[in-house]
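# Topology and contacts: notes
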Amino acid sequence: MGRFATGVAIVTSVVDGTDHAMTVNAFASVSLDPLLVMFCPEKIARFHDLALDAGEWAVSVLAEEMRDASQWFATRGRMLDGQLQGWEHVRGPVTGAAIFKNAVAALECRTHAVHDAGDHSIVVGEVLSLDVPSPDARPLIFYEGDYHGLD
């Protein structure tokens, strides 16, 4: 599957006032009517159950210059307190989840369905809001185990 180029995104949620975030590259559009997207968290990741408990979440599609953010939010076992410090973000107007200011695109979603998929779940979300925080940014691409740009 490493030969399939994907974009990179960070999914965020807030549970009991605590921010949670996870880097994903399994993110895609599912339906245009209604507008649905999906991401696939690993079941053993702490973010898995937290995102499902929250019921609402945000997705920031990462720009090329956000490679460090991608790596940080992919780090297992990192401290939750202050994990967003140093990363420019705003609160989504609908969900309150963090949205990264340099993102290529940002979506806020409500969980629509969850499907079992082996060691992962397929979390389908109804899109509640869309934004383009950084219209001139170019997307971060993941291919063959490394980060790339469009060039």
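Right, let's walk through the structure included here. Since the structure is predicted, the reported quantities are computational estimates derived from the model, not experimental observations.

On to the overall build of the protein chain. Each helix and strand in the protein chain was counted, giving two helices and 12 strands. Relative to its length of 151 residues, the protein chain is compact, with a C-alpha radius of gyration of 14 Å against a globular reference of 15 Å. If one aligns the C-alpha atoms of the protein chain with their principal axes, the spans along those axes are about 40 × 35 × 30 Å. For the protein chain, the residues scored as buried account for 42% of the 151 residues in total. Counting only contacts in the protein chain whose residues sit at least 6 apart along the sequence, the fraction spanning at least 24 positions is 64%. Carbon and sulfur atoms make up 53% of the accessible area of the protein chain, which amounts to about 8000 Å² in all. Where the 10 positive side-chain charges of the protein chain centre and where its 21 negative ones centre are 4 Å apart.

Right, let's talk about the side chain of T95 for a bit. By the element assignment, T95 lies in the loop between β7 (89-91) and β8 (98-100). For T95, a relative accessible area of 16% puts it in the buried group. A distance of 3.1 Å separates the side chain of T95 from the backbone nitrogen of A97, its partner in a polar contact. Beyond its immediate sequence surroundings of up to four residues, T95 is in contact with E56, W57, A58, E108, C109 and L128.

Residue P34 is reached from D33 by a cis peptide bond, and omega for that bond is 5 degrees. Along the chain, P34 falls in the loop between β4 (27-32) and β5 (35-39). Within the chain, E144 stands out as a residue other than glycine whose phi angle is a positive 50 degrees. The residue E144 is located in the loop between β11 (141-143) and β12 (146-148) in this model.

Right, let's get into the sheet that holds strand β3 (residues 18-24). What the seven strands build is an open sheet, ordered β3-β2-β6-β9-β10-β5-β4; its pairing is antiparallel. Each end of this open sheet is capped by a strand with a single partner; those strands are β3 and β4. Each strand of the sheet is rotated relative to its neighbour by a mean of 35 degrees, with strand direction disregarded. Across the sheet, helix α1 (residues 46-54) is in contact with β2 (9-15), β3, β5, β6 (56-61), β9 (105-117) and β10 (120-131); its angle to β2 comes to roughly 60 degrees.

Attention now moves to the pattern of salt bridges. One pass over the structure, following the stated rule, counts seven salt bridges. A salt bridge links E144 to R3; the nearest nitrogen and oxygen atoms lie 2.4 Å apart. With E144 in the loop between β11 and β12 and R3 in the segment before β1 (6-7), the pair connects residues that are 141 residues apart, well separated along the chain. In this structure E144 comes out as partly exposed when scored by relative accessible area, which is 48%. Exposure remark for R3: the relative accessible area of 62% places this residue in the exposed category. A salt bridge links R110 to E126; the shortest N-O distance between them is 3.5 Å. Of this pair, R110 sits in strand β9 while E126 is found in strand β10, placing the two residues 16 residues apart along the sequence. For R110, a relative accessible area of 36% gives the class partly exposed.

Thresholds applied
Residues numbered from 1 in each chain as written. Predicted model: local features only at pLDDT ≥ 70, side-chain atom pairs only at ≥ 80, totals over all residues. Heavy atoms only, no water. Helix = DSSP H or I, 4+ residues; strand = E, 2+ residues; numbered from the N terminus. Rg over C-alpha atoms; globule rule 2.2 N^0.38 Å. Buried < 20%, exposed > 50% of the residue type's maximum accessible area, 1.4 Å probe, protein only. Contact = heavy atoms within 4.5 Å. Areas by Shrake-Rupley, 256 points an atom, 1.4 Å probe, with all protein chains shown as cover. Lys, Arg positive; Asp, Glu negative; His and termini not counted. Charge placed at Lys NZ, Arg CZ, Asp CG, Glu CD. Polar contact = N/O pair within 3.5 Å; in protein donor to acceptor, adjacent residues only side chain to side chain. Pairing = 2+ DSSP bridges. Axes fitted to C-alpha atoms, helices over the stretch in contact; angles between N-to-C directions. Salt bridge = Lys/Arg side-chain N within 4 Å of Asp/Glu carboxyl O.

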